[in-house]
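# Examining the three-dimensional arrangement
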Amino acid sequence: MPFYSPIYSMSKNLRSILLIFAAFVAILQFFTDASGQNVEATIKIDSNQGSVVQINGKMGSKSRNLSFLRSLAGIDNLGERVSEVTLFDDAGNSVTYKKFVAGEYVADADFTSWSYKIDLTPPKNRTAAAHISWLTSENGLLMLGDVLPIFGHTPTSAKVKIAVPKGWLQMENRIDNIVETQDVASEVVAVGKDIRFRKVHIADTAITICIAGEWFFTGDDVTNFARDIYAGTRQVFGSDNSNAVFINIFRFPQATPIGQWEAETRGRNITIASSDMPFKSQSLQRLHEQLRHEIFHLWLPNGVNLSGQYDWFYEGFALYRSLKLGVAVNRIRFEDFLDTLERVYDIDRLSAQKTSLIDASKNRWAGANTRVYARGMLVAFLCDVATLDSSKGKRSIDTLLSELYQKHRTPSATTDANAAILTLMKSRKELVPIVERYVAGGEPLDWTALLQKAGIDATTRDQLTRLATVAKPSGRQKDLLDKLGYNSWRKLGNSKQ
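Report follows, based on the coordinates. (Residues numbered from 1 in each chain as written. Predicted model: local features only at pLDDT ≥ 70, side-chain atom pairs only at ≥ 80, totals over all residues. Heavy atoms only, no water.)

### Some thoughts on unusual backbone geometry
- With an omega of 10 degrees, the peptide bond between L300 and P301 qualifies as cis.
- With respect to the element layout, P301 can be found in the loop between α4 (280-296) and β18 (306-307).
- In this structure, the amide linkage connecting T410 to the following residue, P411, adopts the cis form with an omega of 15 degrees.
- In this fold, P411 is placed in the loop between α9 (397-408) and β19 (415-416).
- Phi angles above zero are rare outside glycine, and A203 is one such case at about 55 degrees.
- Mapping A203 onto the fold places it in the loop between β13 (195-202) and β14 (205-212). (Helix = DSSP H or I, 4+ residues; strand = E, 2+ residues; numbered from the N terminus.)

So, in structure tokens, the structure goes:
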């Protein structure tokens, strides 16, 4: 007898409330029973079915609930993509179920296997292309965390076979088209008939690169950039984070103006969805920028066991570290470094939101994204200048990043991220005012004193901030400018007007 049958005679409202409560209990039961279990599944892509994919699977234990990811990175209604759900018990008999909301199914009896279809038509919102699964007649990206059911709060191991149409390929390093993973949510698989692969090794890490479509840059450009940036970032953190990294570079599946891009680093998988730039030089510059930022995320946040919302740190510091690295390797000028800081300062200064960075991170996908990025980057810059000045150039934010990573790298015990980061930052007295005023607090950012230490002047022209190096920097200021990349810029023969 169905668990909800005794309430048929009750009022409609009360019956709805009890049904929801029963579903909630069943979901909790599912989380308890299925968490961390082994899963086997087959994902079948049929060119005759368009973007609709057939998925069959079985679990290592019995359950009463089948749940799917319903939202991610501000993208809602993901459960509505699922259709034709069928559940089976141990004997292969069909099990009836109740659908409460899109993506939530509660069975009338235990089931161990399932079958369903999922529509991976690319959403109209192009930003989704780097965050959720999509499929076209040419290629696609399968994020296993949103095409397979949710199996609890802890990482779920799985063995997933991906059947592709004749003439299609999928990301290399998958034996017999099978992906074996200890964490379904962290896996991304590239598929398509117009994809090509490159591979490069750095120390003990193999980087496999998948490129879809034609670009101004070449496969050699991507390989060389990935190798050099990974090696440089590895030096900052002191060790590899994984023995295998996968980089997917795809065009947006929708028509998109030039110069647009969206990216995500999930586990050991970097996904870049982009349009190209007008010219080759610009295309190379953008590619280098994308890889500088995303490769950083292989270590932070993906290589540490920190919990909670701390996007302000790993996004803000990734932006700043990428900018500084771009100057150091002469991909951008010191002038560009200052121009970027000008823009983010004005974004922060003119922002209507005056919450702390910690609170802003909690609402990143609900309108606080710009503040998280802008102020997070400014905080990273201030921390770098304060650290360089205090240590007379012997330490920088790289020292902070390395210490945080080495202390909390996986498989260390789970620690609250904001508590760990603030404790580490406050252990350096020169960073205490920055933390209290601009991270834990929401005060207007005043960078005048630290800019002067760095030999940089700030002026306002037509309501816009302008930065320039001081006319006659002192020896101490020259040293600090050096550490920020001023000499790299000077080697290009440019000057800040």
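### Let's talk about the packing of aromatic side chains
- Applying the stated criterion across every chain, the model contains 20 aromatic pairs.
- Ring centres of W114 and Y116 lie 5.7 Å apart, and the angle between their planes is 35 degrees; on these two criteria the pair is classed as tilted. Like W114, the residue Y116 is buried in the burial classification.
- With centroids separated by 6.3 Å and ring planes inclined at 70 degrees, the aromatic side chains of F337 and F381 adopt a geometry described as edge-to-face. Highlighted residues: F337 in helix α6 (residues 334-350) and F381 in helix α8 (residues 369-390), separated in sequence by 44 residues. Comparing F337 with F381 shows no difference in burial state: the two are buried.
- Here the aromatic cluster, defined as three or more aromatic residues joined through ring pairs, consists of Y320, F334, F337, Y345, F381, W447 and Y486.
- The ring of W215 carries the charged tip of R251 above its face, separated from the ring centre by 4.5 Å. (Phe/Tyr/Trp six-rings, centres within 6.5 Å; stacked < 30°, edge-to-face > 60°. Buried < 20%, exposed > 50% of the residue type's maximum accessible area, 1.4 Å probe, protein only. Lys NZ or Arg CZ within 6 Å of the ring centre and 35° of its normal.)

### Comments concerning helix α10 (residues 417-426)
- Along α10, seven of the 10 residues are buried, which leaves the element largely enclosed by surrounding structure.
- Burial in α10 covers these residues: A417, N418, A420, I421, L422, L424 and M425.

### Things to note about the sheet that holds β13
- The sheet built from five strands is open, its strands ordered β13-β14-β15-β17-β16 with mixed pairing. Looking along the sheet, the strands with just one partner apiece sit at the ends: β13 and β16 (261-266). Going across the sheet, the axis of each strand differs from the next one's by a mean of 15 degrees, ignoring polarity.
- As defined by bridge partners, strand β15 (residues 244-251) adjoins strand β17 (residues 269-274) across six bridges and the pair is classed as parallel. Opposite F246, over in β17, you have N269 as the bridge partner.
- Its contacts with the sheet place α4 against β15, β16 and β17, and it is angled at close to 30 degrees to β16. (Pairing = 2+ DSSP bridges. Axes fitted to C-alpha atoms, helices over the stretch in contact; angles between N-to-C directions. Contact = heavy atoms within 4.5 Å.)

### Some remarks on the sheet that holds strand β7 (residues 134-135)
- Read from one edge of the open sheet, four strands run β7-β8-β12-β10, paired in antiparallel fashion. What marks the edges here is a single partner per strand, and that holds for β7 and β10 (169-170).

### Brief notes about helix α11 (residues 432-439)
- Among the residues of α11, I434, V435, Y438 and V439 are the ones counted as buried. Viewed along the axis of α11, the buried residues span an arc of 110 degrees, placing them on a single side of the element. (Arc of directions from axis to C-beta.)

### Remarks on the packing of helix α5 (residues 311-328) against α6
- The N-to-C vectors of α5 and α6 enclose an angle of 160 degrees; their axes lie 8 Å apart at closest approach. Considered as vectors, α5 and α6 are oriented roughly antiparallel to each other. Crossing geometry of α5 relative to α6 is assigned as left-handed. Along the contact surface, α5 presents Y320, L323, K324 and V327, while α6 presents F334, F337 and T340.
- Broken down by class, the residue content of the contact of α5 with α6 amounts to five nonpolar, one polar and one charged. (Parallel < 35°, antiparallel > 145°, perpendicular 65-115°, else oblique. Left-handed = near helix turned anticlockwise from the far one by under 90°. Nonpolar A, V, L, I, M, F, W, Y, C, P; charged D, E, K, R; others polar.)

### A look at the nonpolar core
- One finds W312, F313, F317, F381, W447 and L484 to be the most contacted residues of the largest nonpolar core, which totals 89 residues.
- Per-element accounting of this core gives the leading share, 12 residues, to α8.
- Discounting residues that sit within four places of it in the chain, F381 has contacts with Y320, F337, L341, W447, L451 and L484. (Core = buried A, V, L, I, M, F, W, Y, C linked by side-chain atoms within 4.5 Å.)

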